[in-house]
Amino acid sequence: MGRYILKRLISAIPVLLGITIIVFLIMAMIPGDPAIAILGGYATADRIADLNRDLGLDQPLVARYFIWLGNMLTGDFGRSFSLNRPVLDEILERFNATLILAGVSFMMCSLLGILAGVVSAARQYGFADKAITFAVLIGISVPSFFLGMMMILFFAVNLRWLPVSGMYAIYGGGDLPDLIRHLIMPATALAAVATGVIARLSRSAMLEVLRQDYIRTARAKGVGERRVIMGHALRAAMVSIIPVLGIQAGFVLSGAVYIEIVFQWPGVGRMLVTAILQRDILLVQGGVVFVAACYVFFNILVDVAQSLLDPRIKT
Amino acid sequence: MTLFHLTRRTLLAAATSTLALGTLATPALAQTPEGVLIVGQIAEPKSLDPAAVTAVNDFRILVNVYEGLVRYKPGTLEVEPHLATGWEVSEDGTEYTFSLRDGVTFHDGTPFDAAAVKFNFDRMLDDSHPFHDTGPFPLAFFFGSVVATEVVDDLTVRFTLSEPYAPFLSNLAYPTGLIVSPAAIEQHGGDVGRNPSGTGPFSFVEWRSNEAVVIERNADYWGEPAGTEAVVFRPITDANTRVAEMLAGGIDMMVEVPPNALSEFQGDDFRVVEQAGPHLWFLILNLREGPFANQQIRQAANYAINKEAIVNDVLEGTADVAAGPTPPAFAWAYNEELDPYPYDPDHARALLSEAGMENPEVTFYVTEGGSGMLDPVAMGTAIQADLAAVGFDVSIETYEWNTFLGEVNPGLEGKADMAEMAWMTNDPDTLPYLALRTDAWPEAGGFNSGYYSNPEVDALLEEARTATDQDRRAELYRQMQVIVQEDAPWVFVANWKQNAVTSDRVENFSLEPSFLLMLQDVVKN
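Residues numbered from 1 in each chain as written. Chains lettered and ligands numbered in written order. Predicted model: local features only at pLDDT ≥ 70, side-chain atom pairs only at ≥ 80, totals over all residues.

Enquirer: Let's hear about the overall build of chain A: which residues, and what values?
Expert: Secondary structure summary: chain A contains 12 helices and two strands in total. Listed by position from the N terminus, the elements making up chain A come as α-α-α-α-β-β-α-α-α-α-α-α-α-α. Looking at chain A as a whole, 41% of its 315 residues qualify as buried. Sequence separation of 24 or more characterises 72% of the internal contacts of chain A that already satisfy a separation of 6 or more. (Helix = DSSP H or I, 4+ residues; strand = E, 2+ residues; numbered from the N terminus. Buried ≥ 20, exposed ≤ 12 C-beta atoms within 10 Å, placed from the backbone. Contact = placed C-beta atoms within 7 Å.)

Enquirer: How would you summarise the overall build of chain B if you had to cite specific residues and measurements?
Expert: Within chain B one finds 14 helices and 22 strands. A compact globule built from 525 residues should have a C-alpha radius of gyration of about 24 Å, and chain B, at 26 Å, falls within 12% of that. By principal-axis analysis of the C-alpha atoms, chain B measures approximately 85 × 75 × 40 Å. The buried share of chain B, reckoned over its 525 residues, is 52%. Considering only intrachain contacts with a sequence separation of at least 6, the fraction spanning at least 24 residues in chain B is 71%. (Rg over C-alpha atoms; globule rule 2.2 N^0.38 Å.)

Enquirer: Now, about the domain arrangement of chain B: what can you tell me, with residues and values included?
Expert: Residues and elements named next belong to chain B. We note that the domain assignment places domain 1 (1–65 + 200–252 + 505–525), domain 2 (67–187) and domain 3 (279–497) within chain B. Here the C-alpha centre of domain 3 lies 34 Å away from the C-alpha centre of domain 2. The partner domain 3 presents 14 residues to the 13 residues of domain 2 that form the contact. Counted by class, the side of domain 2 that touches domain 3 contains seven nonpolar, four polar and two charged residues. (Domains from an automatic or database assignment. Nonpolar A, V, L, I, M, F, W, Y, C, P; charged D, E, K, R; others polar.)

Enquirer: A description of the interface of chain B and chain A should follow, citing residues and the corresponding values.
Expert: With 49 residues of chain B in contact, the opposing surface of chain A contributes 51 residues. Breaking the side of chain B that touches chain A down by element, the ones donating at least two residues are α1 (8–25), β1 (36–41), β12 (230–235), α6 (239–248) and α11 (401–408) of chain B. The element that contributes the greatest number of residues to the side of chain B that touches chain A is α6 of chain B, accounting for six residues. Split into classes, the residues belonging to the side of chain B that touches chain A amount to 22 nonpolar, 20 polar and seven charged.

Enquirer: Tell me about the confidence of the model for chain B, and please be specific about residues and values.
Expert: All names here are of chain B. For chain B, per-residue confidence averages 90 on the pLDDT scale, and residues scoring 70 or more make up 94% of the total. Under a pLDDT of 50 for its full length, residues 20–28 has, in the predicted model, three contacts with residues more than four places off or in other chains. For this predicted complex, the interface score ipTM comes out at 0.82, while the overall pTM is 0.85. (pLDDT = per-residue confidence, 0-100.)

Enquirer: Which residues make up helix α4 (residues 61–73) of chain A, and what values do they have?
Expert: Here α4 of chain A contains 13 residues, and its C-alpha end-to-end distance of 18 Å stays within 8% of the 18 Å for a straight helix at 1.5 Å per residue. In the segment just after α4 of chain A, Gly75 of chain A is the residue with positive phi, at about 90°. (Expected span 1.5 Å × (residues − 1).)

Enquirer: Describe the sheet that holds strand β8 (residues 156–161) of chain B, with residues and values.
Expert: Residue and element names in this part refer to chain B. Spatially, the four strands line up as an open sheet ordered β5-β6-β8-β7, and their pairing is antiparallel. One side of each edge strand has no neighbouring strand; the edge strands of this open sheet are β5 (84–89) and β7 (146–153). If you compare each strand with its neighbour and ignore which way they point, the axes differ by 20° on average. Where strand β6 (residues 95–100) and β8 come together, five bridges link them in antiparallel fashion. Across the sheet, the residue bridging to Tyr96 is Phe159, located in β8. Against the sheet, helix α3 (residues 114–125) engages β6, β7 and β8, with an angle of about 165° to β7. (Pairing = 2+ DSSP bridges. Axes fitted to C-alpha atoms, helices over the stretch in contact; angles between N-to-C directions.)

Enquirer: Explain the packing of helix α10 (residues 225–262) of chain A against helix α12 (residues 281–309) of chain A residue by residue, including any values.
Expert: Residues and elements named next belong to chain A. The N-to-C vectors of α10 and α12 enclose an angle of 170°; their axes lie 9 Å apart at closest approach. On the basis of the axis angle, α10 is roughly antiparallel to α12. Across the interface between the two elements, Met238, Val239, Ile242, Pro243, Leu245, Gly246, Ala249, Gly250 and Leu253 of α10 pack against Val291, Tyr295, Phe298, Asn299, Val302, Ala305, Gln306 and Leu309 of α12. Of the residues assigned to the contact of α10 with α12, the class counts are 13 nonpolar, four polar and no charged. (Parallel < 35°, antiparallel > 145°, perpendicular 65-115°, else oblique.)

Enquirer: I'd love a proper account of the nonpolar core, names of residues and values included.
Expert: Formed by 240 residues in total, the largest nonpolar core has its most connected members in Phe282, Val493 and Ala494 of chain B. The greatest single-element share of this core, amounting to 17 residues, is contributed by α10 of chain A. Excluding residues within four positions of it along the chain, Val493 of chain B makes contact with Trp281, Phe282, Leu283, Ile305, Lys307, Ile310 and Ala322 of chain B. (Core = buried A, V, L, I, M, F, W, Y, C linked by C-beta atoms within 7 Å.)

Enquirer: I'd like a description of the packing of helix α7 (residues 295–304) of chain B against helix α9 (residues 345–354) of chain B, backed by residues and values.
Expert: All names here are of chain B. Interhelical geometry of α7 versus α9 gives an angle of 165° and a closest axis separation of 8 Å. On the basis of the axis angle, α7 is roughly antiparallel to α9. Handedness of the crossing formed by α7 with α9: left-handed. On α9, the residues touching Gln296, Ile297, Gln299, Ala300, Tyr303 and Ala304 of α7 are Pro345, His347, Ala348, Leu351, Leu352 and Glu354. Counted by class, the contact of α7 with α9 contains eight nonpolar, three polar and one charged residues. (Left-handed = near helix turned anticlockwise from the far one by under 90°.)

Shown next, in the form of structure tokens:
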């Protein structure tokens with residue numbers, strides 16, 4: 001097992017290197033350079049050239065890439081010019097907020113999605129199945145930012161049950177209940193689509209398993225229905241559900257970008273959008289690499305979990 | 001089969017109880033506390049160091065924490081003494097001597113004196129100053145003509161300029177001229193932007209990244225103490241969310257209300273505040289080639305565009321129709337006799353046929369959004385339709401803001417005939433001097449991207465910049481406006497009215513023509 005994990009970790013290295021190259025090239029190729037973004041209305045050719053020299057952007061592309069990569073390997077992500085502070089400080093601070101939001105949201109969508117899928121499958125074509133399928137379709141079809149705005153309008157502006165935005169109350173907040181109150185809407189909005197997808201796939205995975213001979217055998221032996229579903233069927237179905245969770249984790253992470261903007265959540269997604277608009281190259285590059293690394297790492301976890309569940313997967 | 005017994009009845013019961021629980025358990029959220037003003041800002045500030053920031057968003061915080069030698073007289077763009085009690089200008093206009101206010105201290109307890117003033121300007125202008133490096137700072141050119149700052153005595157400081165430069169005083173009143181405590185700079189170095197210390201009515205408390213900047217009443221303030229105990233600036237980048245926070249009572253004041261959201265704030269619970277500022281939204285026309293090389297075609301474009309409809313329908317009344325290159329907010333320099341080009345499509349058609357070009361083809365650069373650009377896509381589309389109605393054949397090319405500036409600032413030659421643009425300035429000198437002179441063509445390092453050139457305008461602008469008498473300057477600017485309007489190097493479209501909404505618990509608030517947010521007198525109940 002240890003060797004399998006090590007192998008997977010080593011195979012992640014070229015993936016991450018590839019990501020650094022892609023994000024670096026994208027930032028180098030998009031039009032509108034950082035000097036113009038900094039100078040704004042006051043950008044003249046002379047000032048742009050001066051500033052590019054100060055920022056080290058007058059050097060050849062390849063040299064810039066290796067300087068950046070080398071610095072990053074020593075833990076130096078550079079300094080964000082739009083925020084005037086080290087990129088790594090900003091990312092770590094922001095990432096915390098994103099992890100809370102995406103983590104809670106991911107747990108919500110996994111639990112609810114699998115539960116809904118199992119119920120649907122157990123009650124195929126029954127009322128519960130139809131109700132869940134209907135709800136799931138709505139969940140998948142409504143764009144999350146729209147759902148977010150509607151939730152704000154209804155629960156925060158009209159009913160005033162929940163705060164509109166932010167992570168903590170400005171005054172008298174900062175504790176766990178405060179965080180939860182701020183978290184309910186963004187986490188739900190973010191989880192909606194993924195819940196739907198997971199529910200649908202869990203349902204079909206369960207149905208597939210429930211048709212197997214050994215389930216019939218189990219039932220024939222007189223095993224209780226609860227045990228058949230939860231013990232026999234779900235365990236087998238999990239093998240095909242878990243990779244879906246891995247993929248959905250990526251969607252939740254990227255979906256956080258919209259949700260963080262709508263709910264003013266101080267996370268990495270909102271940071272990236274602002275950084276891209278301001279051409280804050282180092283912040284964008286550092287942020288993307290960080291997010292990508294998390295995604296890669298999470299997928300290794302998923303693979304390991306899967307290999308534990310399914311002995312057929314060679315380790 | 002009793003597993004997951006989900007029936008219609010249980011579903012209904014669950015739904016009803018959730019709803020009931022929600023209604024019972026949660027009273028309306030607490031309102032914002034008394035005496036604390038919570039302001040919804042449009043973005044996270046970059047820094048709170050006046051020698052590092054360029055954005056109006058950051059200035060809104062700065063001007064409440066720091067003060068300058070002079071300031072804009074409330075409600076105007078005229079300069080009056082502030083930390084200085086008065087000043088004298090030498091005959092030749094190159095020496096400015098300021099007498100400083102006695103007994104003023106910075107928030108960190110150190111005294112404000114001539115040495116502090118010198119420290120600040122040396123830091124900004126002298127490369128060899130130990131604290132010079134504040135990151136890329138394009139506004140240092142505001143004081144580019146200052147060659148020396150001397151301490152005459154403790155309460156007297158003298159600036160020597162390389163040449164007479166009339167906008168010097170209004171640049172001093174701008175946030176770039178705010179004075180920071182030298183002790184704070186020495187203590188925090190480059191991080192003074194996160195640990196600001198000034199002389200203003202509010203002192204800095206904390207900055208929670210991406211959540212809030214908190215400032216509180218300065219108990220030792222030399223003037224009238226501030227009307228609120230504290231002010232909290234919250235960055236809320238999404239305009240819809242900012243509106244929702246305002247409606248839900250999470251903030252007491254928001255700036256830059258989107259025009260289409262203004263109707264939400266009609267009731268008694270809110271107050272909408274407006275103030276025209278030194279802003280101009282215009283179209284740069286390419287005079288070097290293509291149809292707009294011809295003055296009649298340029299005038300035709302000015303006649304063809306229905307500016308009233310743009311400001312009233314597209315911008316929902318959040319702007320006025322512009323008459324010329326100088327915004328009316330510069331009351332002392334504005335030419336009241338100037339009337340905007342009327343909307344007259346027939347006259348535009350007549351001009352086109354006189355010029356022998358009934359269907360000129362025009363490439364039009366539009367941006368998706370940017371500083372001061374208001375609603376550029378909708379405005380661009382309306383303009384395209386108006387021009388098409390008189391015979392122009394306009395094709396729009398849309399760019400993201402930074403890309404747009406990268407295309408427009410180096411000049412329109414070979415690329416486009418017309419481009420949107422907007423400027424907010426602090427002196428009537430700035431925009432025409434940087435964007436209308438022959439020496440301001442892009443190849444000379446200016447912003448005259450349409451290559452307008454009129455020696456008479458050049459001479460007027462040079463003289464206005466060096467004249468130290470304000471009446472004389474005003475006269476020169478008024479003449480310039482008449483000529484430029486007639487030459488029509490631009491289509492003059494709109495002057496933005498900055499707006500803000502406050503809740504009914506906020507009193508004594510008004511917006512300033514400078515677009516700065518002065519909160520000293522505001523009371524929050």
